[in-house]
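# Topology and contacts: notes
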Amino acid sequence: AMVPYRVTTVSKAFFPDTFNADKVIQGMRARRVGTGEEMPSTEVLKELWAAKGAAGQDFGSRMHRKIENSITGVEKWKSTDDETCNDEMHVREMYLEFTSDAAADGWAPFKVEWTLLIPPIAGRCDLVLAQPTRRNNDVLMLWLVDWKFCKRLSTAPSAPVAPPSVGGAP
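Residues numbered from 1 in each chain as written. Predicted model: local features only at pLDDT ≥ 70, side-chain atom pairs only at ≥ 80, totals over all residues. Heavy atoms only, no water.

Our focus in this paragraph is the overall build of the protein chain. Of regular secondary structure, the protein chain possesses four helices and four strands. For the protein chain, the succession of helices and strands along the chain, N to C, is β-α-α-α-α-β-β-β. Considering only residue pairs separated by 6 or more positions, the protein chain has 43% of its internal contacts joining residues 24 or more positions apart. Within the structure as shown, the protein chain displays about 13,700 Å² of accessible surface, and the carbon and sulfur contribution to it stands at 57%. (Helix = DSSP H or I, 4+ residues; strand = E, 2+ residues; numbered from the N terminus. Contact = heavy atoms within 4.5 Å. Areas by Shrake-Rupley, 256 points an atom, 1.4 Å probe, with all protein chains shown as cover.)

The subject of this paragraph is the packing of helix α3 (residues 42-72) against helix α4 (residues 86-104). One can describe the packing of α3 onto α4 by two numbers: an axis separation of 11 Å at closest approach and a directional angle of 40°. Accordingly, the angle class assigned to the pair α3 and α4 is oblique. Classified by chirality, the crossing of α4 by α3 is right-handed. In this structure, α3 uses Phe59, Arg62, Met63, Lys66, Ile67, Ser70 and Ile71 to contact α4, whose residues at the interface are Asp87, Glu88, Val91 and Tyr95. Across the contact of α3 with α4, the residue classes break down as six nonpolar, one polar and four charged. (Axes fitted to C-alpha atoms, helices over the stretch in contact; angles between N-to-C directions. Parallel < 35°, antiparallel > 145°, perpendicular 65-115°, else oblique. Left-handed = near helix turned anticlockwise from the far one by under 90°. Nonpolar A, V, L, I, M, F, W, Y, C, P; charged D, E, K, R; others polar.)

This part covers the pairing of strand β3 (residues 121-132). Of all 12 residues in β3, nine are buried, a share of seventy percent or more. What sits between strand β2 (residues 108-118) and β3 in their antiparallel hairpin is a turn of two residues. One ladder, built from six bridges, connects β3 with strand β4 (residues 140-145); its direction is antiparallel. Directly across from Pro132, in β4, lies its bridge partner Leu140. (Buried < 20%, exposed > 50% of the residue type's maximum accessible area, 1.4 Å probe, protein only. Pairing = 2+ DSSP bridges.)

Counting 12 residues, the largest nonpolar core is built from Phe59, Met63, Ile67, Trp77, Val91, Tyr95, Ala102, Trp107, Leu127, Leu129, Val145 and Trp147. Counting residues per element, the ones that place at least two in this core are α3, α4 and β3. (Core = buried A, V, L, I, M, F, W, Y, C linked by side-chain atoms within 4.5 Å.)

Further remarks concern unusual backbone geometry. Phi is positive for Glu113, close to 45°, though the residue is something other than glycine. For Glu113, a relative accessible area of 26% gives the class partly exposed.

Turning our eyes to something else, we now look at the pairing of β2. Where β2 and β3 come together, nine bridges link them in antiparallel fashion. Across the sheet, residue Leu117 finds its bridge partner in β3, namely Ala122.

Before going further, it helps to spend a moment on the environment of Ser70. Looking at where Ser70 falls in the secondary structure, it is placed in helix α3. Not counting residues within four places of it along the chain, the set of residues in contact with Ser70 comprises Glu75, Trp77 and Tyr95. In terms of polar contacts, Ser70 uses its side chain to reach the side chain of Tyr95, at 3.3 Å. (Polar contact = N/O pair within 3.5 Å; in protein donor to acceptor, adjacent residues only side chain to side chain.)

What follows covers the side chain of Arg92. Within the secondary structure, Arg92 is located in helix α4. Despite its burial, Arg92 pairs with no opposite charge; the closest candidate is Glu93, at 6.7 Å N-O. In this structure Arg92 touches Trp77, Lys78 and Ser79, once residues within four positions along its chain are discounted. (Lys, Arg positive; Asp, Glu negative; His and termini not counted. Salt bridge = Lys/Arg side-chain N within 4 Å of Asp/Glu carboxyl O.)

What follows concerns the packing of helix α2 (residues 21-32) against α3. The geometry of a pair of packed helices is captured by two quantities: the angle between their axes and the separation between those axes. Where α2 contacts α3, the two axes come as close as 11 Å, and the packing angle between them is 125°. One finds that α2 runs oblique with respect to α3. In this structure, α2 meets α3 at a crossing whose hand is right-handed. Contact with α2, carried on its side by Ala21, Asp22, Val24, Ile25, Met28 and Arg29, involves Thr42, Leu45, Lys46 and Trp49 of α3 and no other residues of that element. For the contact of α2 with α3, the residue count by class is six nonpolar, one polar and three charged.

Have a look at this one:
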């Protein structure tokens, strides 16, 4: 059976990418009008942002691979003393703390890169942890984990999901 939508497609429909480089640059220039502060050209800023984006994606992909290899036992994630790897060392420390805390609460790796299908939507989960319920060891509780790497983490609560409309009314 074909699944017509992936989770990212549905997410983009409800939460479109709102970053508009030209609009951001226009705002930056407007804030500097009275100060006389100089600013790089639009082209230079866009190139800088594109390079940072590519570097961030590469870093995130490498960290995903290291985490997955560590969980599956393909390759142990070794610490490094290389000072240029501060970000990687920080991610490794957070990962080790997360896995230690999860294990202490009885959670264990169940699946990595698990494709979940809830037609008509499909997506891939980076890690699924499992824990037997306290009442019945035959029933598992699952914890879905999707690794994200970003410079700033918002602690603001997510927007609530609107309940489906009843009777076709919007």
